[in-house]
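# Report on the structure
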Amino acid sequence: MSNLAANTVGIQILPNGKDVDTDGIIPSIVKVFKDSGLPCHVGPMETVVEGTLDEIFSLIKQAQQVGIDAGATEVLSNIKIHYKPDGLKLEDKLTNV
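Everything in this summary refers to the structure shown in the same document. Not measured: the values here are computed from a predicted model.

Rules and cut-offs
- Residues numbered from 1 in each chain as written.
- Predicted model: local features only at pLDDT ≥ 70, side-chain atom pairs only at ≥ 80, totals over all residues.
- Heavy atoms only, no water.
- Helix = DSSP H or I, 4+ residues; strand = E, 2+ residues; numbered from the N terminus.
- Buried < 20%, exposed > 50% of the residue type's maximum accessible area, 1.4 Å probe, protein only.
- Contact = heavy atoms within 4.5 Å.
- Areas by Shrake-Rupley, 256 points an atom, 1.4 Å probe, with all protein chains shown as cover.
- Salt bridge = Lys/Arg side-chain N within 4 Å of Asp/Glu carboxyl O.
- Pairing = 2+ DSSP bridges.
- Core = buried A, V, L, I, M, F, W, Y, C linked by side-chain atoms within 4.5 Å.

## Things to note about the overall build of the protein chain
When helices and strands are counted, the protein chain shows three helices and four strands. Along the protein chain, helices and strands appear, N-terminal first, in the series β-α-β-β-α-β-α. Burial statistics for the protein chain: of 97 residues in total, 33% are counted as buried. In the protein chain, of all internal contacts separated by at least 6 residues, the share reaching a separation of at least 24 is 71%. Counting every atom, the protein chain has about 6,100 Å² of accessible surface; 51% of that belongs to carbon and sulfur.

Shown next, in the form of structure tokens:
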């Protein structure tokens, strides 16, 4: 197997709750991924992260908790996983768009 990460994961985290200002929560959620040290790309509809599933799911759990801590009563997460045993690079996906 390659030294490359085997997964790229598209993540959309949606905090929800009565009187919740999601505009204030979303930047805090995105910060979890940006500060992780894993390669990531923030897009208008989702954030894509490169890494192992364990690393990425740990970040998803942290990001969901940020939403709850900021006042959301629930957090919905949409997750898309691209797995390739030989490895994937996020930058390759971005250069081929």
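Structure shown, so let's carry the discussion forward.
## Structural notes on the pattern of salt bridges
Within the structure shown, the criterion is met by two salt bridges. A salt bridge links Lys31 to Asp35; its shortest N-O distance comes to 2.4 Å. By relative accessible area, which is 47% here, Lys31 ends up partly exposed. Accessibility expressed as a relative area gives 52% for Asp35, which makes it exposed. For Glu46, the salt bridge goes to Lys80, with nearest N and O atoms at 3.2 Å. Pair noted here: Glu46 is in the loop between β2 (40-42) and β3 (47-51) and Lys80 is in strand β4 (residues 74-83), with a separation of 34 residues, a long-range link. When its relative accessible area of 25% is taken as the criterion, Glu46 is described as partly exposed.

## A short note on the pairing of strand β1 (residues 7-16)
Most of β1 is tucked away, with seven of its 10 residues classed as buried. Direction of pairing for β1 relative to β3: antiparallel, over a ladder of five bridges. Paired with Val9 across the two strands is Val49, which belongs to β3. With 10 bridges joining them, β1 and β4 adopt antiparallel strand pairing. Across the sheet, residue Pro15 finds its bridge partner in β4, namely Val75.

## Points about the nonpolar core
A general tendency of soluble globular proteins is for nonpolar side chains to be buried together. Ranked by size, the top nonpolar core spans 15 residues in total, and within it Ile11, Ile13, Phe33, Val49 and Ile56 carry the most contacts. Elements with a contribution of two residues or more to this core: β1, α1 (22-34) and α2 (53-69). Among all residues touching Val49, those that are not within four sequence positions of it are Asn7, Thr8, Val9, Ile11, Phe33, Leu38, Pro39, Cys40, Ile56 and Leu59.

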